[in-house]
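What follows is the residue order along each chain.
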Amino acid sequence: MWQKIRFLLLLIFSVSAFSQSPKLSENAQVSIFTCGRGEQLYSTFGHTALRIKDESNQLDVVFNYGTFDFRTENFYLKFVKGDLQYFMSVTSLEEFIYEYQTDGREVIEQILDLPLASKQKLLDELSATLYSSERYYTYKFIDRNCTTMVNEKIGNYVGGKNLEKVDDKTITYRKLLYPYFENYFWYKLGINIIFGAKTDAKAEELFLPIELLHSLDQATSNGKSLVIDKKTLVEGTPETQAEFSFFNSIYCIIAFLGLMLLFNKRWLFLTYLFVCGILGLFLCMVGLYSEHQEVLWNYNALLFSPLFLLLPFLKKENLRKVSLVSITLLLVYTVVMINKPHLPIMLPFIVSTLYMLLKIIGVNPLRLLPPVK
């Protein structure tokens, strides 16, 4: 019994001691880490973290706003809905760097020119946050992530506002994200199907780690450069040109759809369209269910139309009417897609869907195949 009480008192004392941050010396440093891309989907865009170092206090810690727990109950449902809680964690420099060395991911450090009072206030704020409910935040892909949280914290001590994005603001979010999926076709396809109209807006918000790095490079405070030193702590493994893989390319989709057209079976066409209808219904439902702005108003539901769910159960005239409505929606979708960067990877779906719908109602496009069986 007494051992449990002593352990509890020791735990309370330790937490209290750490939550009361030390008084920083004149040599204390605040810096931002920009970390390279990883192989996992959640690490595709890199990472941002904040370091506070003070050798006089034997202090060297990294505050990380990109922490989440896979063990969270209903993890995937919460992620889809948009109320998954990320949280701030703290680790030693050695532990943080070791992870990125192991994965071969670059870590760039930018040391900031902040007055001692600002450094102290920042450390006090972060330490207090660590032991309060404020350490948790609701993750949003564009609006609230590890980069925006660090930008917000730093902005409080640099003119009282977030750093402005200096990278190109004229391209869309969708186009901005394209280079990150260069060798990951299925990621690219999935992201472009699930993302809606918001990602076609101009990318004016700073939300990617590399954007914060570039903005810090050009930021000033009191007429001086905000970054006083920049160095690479971990040399990332150079990205090798990925070898061509048929199964990780659009040619796999083209071959699959082409084979279905060659089989020329009515039941196969209806089955494919029914599955597309399920996907379309999911896109509509997730737009209503999710709080992620990126999945709202998803025009891909015109291509993967929920109306397809009716086709296997309709006869003659009703089948023709629903098919004609679906063709009209498909043409509208094609017009919407004209200036979109993901048109090339959606084009095989557009062509094959149009062909199947025409064949089902008795039209033989270009007379390439005999009437549907």
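Here's what I pulled together on the structure shown here. These figures come from a predicted structure and were not determined experimentally.

The rules behind the values
- Residues numbered from 1 in each chain as written.
- Predicted model: local features only at pLDDT ≥ 70, side-chain atom pairs only at ≥ 80, totals over all residues.
- Heavy atoms only, no water.
- Helix = DSSP H or I, 4+ residues; strand = E, 2+ residues; numbered from the N terminus.
- Contact = heavy atoms within 4.5 Å.
- Areas by Shrake-Rupley, 256 points an atom, 1.4 Å probe, with all protein chains shown as cover.
- 1 Å grid on protein atoms, 1.4 Å probe; cavity = no way out; pocket = protein on both sides within 12 Å on 5 of 7 lines; lining within 4 Å.
- Points joined across faces, edges and corners; volume = space filled by probe spheres on them.
- Pairing = 2+ DSSP bridges.
- Axes fitted to C-alpha atoms, helices over the stretch in contact; angles between N-to-C directions.
- Patch = residues over 30% accessible without salt bridge, like charges linked within 9 Å, V, L, I, M, F, W, Y side chains within 5 Å.
- Salt bridge = Lys/Arg side-chain N within 4 Å of Asp/Glu carboxyl O.
- Buried < 20%, exposed > 50% of the residue type's maximum accessible area, 1.4 Å probe, protein only.
- Core = buried A, V, L, I, M, F, W, Y, C linked by side-chain atoms within 4.5 Å.
- Expected span 1.5 Å × (residues − 1).
- Nonpolar A, V, L, I, M, F, W, Y, C, P; charged D, E, K, R; others polar.

### Some thoughts on the overall build of the chain
Then, in step 1: Within the chain one finds 12 helices and nine strands.
Then, in step 2: Counting contacts in the chain only where the partners sit at least 6 residues apart, residues at least 24 apart contribute 77% of the total.
Then, in step 3: With an accessible surface of roughly 20500 Å², the chain has 61% of that area assigned to carbon and sulfur atoms.

### Concerning empty space enclosed by the protein
Then, in step 1: Taken as a whole and assessed by the stated rule, the structure comprises one cavity of 30 Å³ or more.
Then, in step 2: In this model, the largest cavity occupies a volume close to 40 Å³.
Then, in step 3: Lining the largest cavity, in full, are Arg-174, Leu-177, Tyr-178, Phe-181, Lys-188, Ile-191, Asn-192 and Phe-195.
Then, in step 4: For the lining of the largest cavity, the secondary-structure elements that each account for two or more residues are helix H6 (173-177) and helix H7 (185-194).
Then, in step 5: The element that contributes the greatest number of residues to the lining of the largest cavity is H7, accounting for three residues.

### So, the sheet that holds strand S4 (residues 85-92)
The pairing of strands in a sheet happens through backbone hydrogen bonds and is either parallel or antiparallel.
Then, in step 1: Taken in spatial order, the seven strands of this open sheet run S6-S4-S3-S2-S1-S5-S9, and their pairing is antiparallel. A strand with exactly one partner marks an edge of an open sheet, and here the two such strands are strand S6 (136-138) and strand S9 (227-234). Ignoring which end each strand starts from, the neighbouring axes of this sheet average 25 degrees apart.
Then, in step 2: Across the face of the sheet, helix H3 (residues 93-103) comes into contact with strand S1 (29-35), strand S2 (47-54), strand S3 (59-67), S4, strand S5 (107-112) and S9 while running at roughly 110 degrees to S4.

### Things to note about a nonpolar patch on the surface
Then, in step 1: Taken together, the side chains of Phe-244, Phe-246, Phe-247, Tyr-251 and Ile-254 present a nonpolar region at the surface, about 590 Å² in accessible area.
Then, in step 2: Note that Phe-247 resides in the loop between S9 and helix H9 (250-263).
Then, in step 3: With a relative accessible area of 60%, Phe-247 lands in the exposed category.

### Observations regarding the nonpolar core
Then, in step 1: Leu-50, Ile-52, Leu-112 and Ile-154 are the most contacted members of the largest nonpolar core, which has 47 residues in total.
Then, in step 2: Elements with a minimum of two residues in this core: S1, S2, S3, S4, helix H4 (116-130), helix H5 (146-155), H6 and helix H8 (209-218).
Then, in step 3: For Leu-112, the contacting residues outside a window of four places in its chain are Val-30, Ser-31, Ile-32, Ile-154, Leu-216, Leu-226, Val-227 and Ile-228.
Then, in step 4: Membership of the second largest hydrophobic core comes to 38 residues, among which are Met-260, Cys-276, Leu-303 and Met-346.

### Quick notes on helix H12 (residues 343-360)
Then, in step 1: With 18 residues, H12 should cover 26 Å at 1.5 Å per step; its first-to-last C-alpha distance of 25 Å lies within 8% of that length.
Then, in step 2: Summarising burial for H12: 14 of the 18 residues are buried, a large majority.
Then, in step 3: Residue Gly-362 follows H12 closely and has a positive phi angle near 100 degrees.

### Digging into the environment of Met-337
Then, in step 1: As for its position among the elements, Met-337 is in helix H11 (residues 316-337).
Then, in step 2: Remark: the alpha-carbon pair of Met-337 and Leu-347, spanning 10 residues in sequence, is separated by 9.4 Å.
Then, in step 3: Beyond its immediate chain neighbours, meaning those up to four positions away, Met-337 contacts Tyr-299, His-342, Leu-343 and Met-346.

### What about unusual backbone geometry?
Then, in step 1: In the Ramachandran plot, Asn-264 falls in the positive-phi region, its phi being about 55 degrees despite a non-glycine side chain.
Then, in step 2: You can see Asn-264 is positioned in the loop between H9 and helix H10 (266-289).
Then, in step 3: Phi at Trp-297 takes a positive value of approximately 50 degrees, unusual for a residue other than glycine.
Then, in step 4: Residue position: Trp-297 is located in the loop between H10 and H11.
Then, in step 5: Residue Trp-297 is classed as exposed on the basis of its relative accessible area of 75%.

### Re the layout of surface pockets
Then, in step 1: Of the volumes computed, that of the second largest pocket is approximately 520 Å³.
Then, in step 2: Forming the boundary of the second largest pocket are 20 residues, of which Arg-37, Glu-39, Tyr-184, Thr-237 and Glu-239 lie nearest the centre.
Then, in step 3: When grouped by side-chain class, the residues that make up the lining of the second largest pocket number five nonpolar, eight polar and seven charged.

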